[in-house]
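Chain residues, written in single-letter form:
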Amino acid sequence: MELVSGLAGPAVRLCPQYSPEHATTLTLAAAADTIRAVRALPGRAVAVERALAGTRRCPGPLLFVAAETPQLTPDLLAGAIGLLDDFDAVLGPTTGDGWWAFGLSEPAHAALGPSTGLGSLTVAALRLGLRVAMLPTLRGLDTGADVAPVAARCPAGSLFAATVARLAQQPAVTAP
């Protein structure tokens, strides 16, 4: 099993609710929490990359994880991996038509992967012939309005949740 985590996307989407500096701090904290959840899975390889290139040569099942999903837990990831024993693919959608996880039992199917990043299009492509298991829908970190609700769903010890709490104690800073 190979786990792949995309790199954090542009922090600017969290503006104007957060300054560019705070938005960057939040996206980095979200990515750190995501990577920590992935690394907590014993015996699993971790690769941090943004593209699907080269993944067809990986042996065994493959699970892609969106980098900014700080509410991930090892149990949630283990459940997704376990479903690949019975399904060709798994898809964890987010609010806003994105995805937090995309798994394939056969890496050769990577060409059907989430290249557009849109969960609904990925489901449509996979349903053309692959057996797809749907994972729970998680709230995406798409705008500044998503920050507090996502932080509320983070596991104990979350850097993202701690960063949100720390920033909430600071005076509001508006983007220029």
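All values derive from a computational prediction rather than experimental measurement.

Parameters and conventions
Residues numbered from 1 in each chain as written. Predicted model: local features only at pLDDT ≥ 70, side-chain atom pairs only at ≥ 80, totals over all residues. Heavy atoms only, no water. Helix = DSSP H or I, 4+ residues; strand = E, 2+ residues; numbered from the N terminus. Expected span 1.5 Å × (residues − 1). Buried < 20%, exposed > 50% of the residue type's maximum accessible area, 1.4 Å probe, protein only. Salt bridge = Lys/Arg side-chain N within 4 Å of Asp/Glu carboxyl O. Phe/Tyr/Trp six-rings, centres within 6.5 Å; stacked < 30°, edge-to-face > 60°.

Requested: an account of helix α1 (residues 20–39), with residues and values cited.
Between its terminal C-alpha atoms α1 stretches 28 Å, which fits the 28 Å expected from 20 residues at 1.5 Å a residue. Within the sequence span of α1, burial applies to H22, A23, L26, T27, A29, A30, A31, D33, T34, A37 and V38.

So what's going on with unusual backbone geometry? Residues and values would help.
Looking along the chain, the bond that leaves C15 and enters P16 is cis, with omega of 10°. Mapped onto the elements, P16 comes out in the loop between β1 (2–5) and α1.

How would you explain the pattern of salt bridges if you had to name every residue and give the values?
Scanning the model with the defined rule gives 4 salt bridges in all. Put simply, E68 and R13 hold a salt bridge, and the shortest N to O gap is 1.7 Å. Highlighted residues: E68 in the loop between β3 (62–65) and α2 (74–83) and R13 in the loop between β1 and α1, separated in sequence by 55 residues. Since its relative accessible area comes to 12%, E68 is described here as buried. Classification of R13 by relative accessible area gives partly exposed; the value is 23%. The shortest N-O distance in the salt bridge between D33 and R36 comes to 3.1 Å. Pair noted here: D33 and R36 are both in helix α1, with a separation of 3 residues, about one helical turn.

Can you explain the packing of aromatic side chains? Please cite residues and give values.
Under the definition given, this model contains 2 aromatic pairs. Aromatic side chains F64 and F102 sit 6.1 Å apart centroid to centroid with 40° between the ring planes, which places their arrangement in the tilted category. Pair noted here: F64 is in strand β3 and F102 is in strand β5 (residues 98–104), with a separation of 38 residues, a long-range link. Feature note: the residues F64, W99 and F102 constitute an aromatic cluster, connected by ring pairs.

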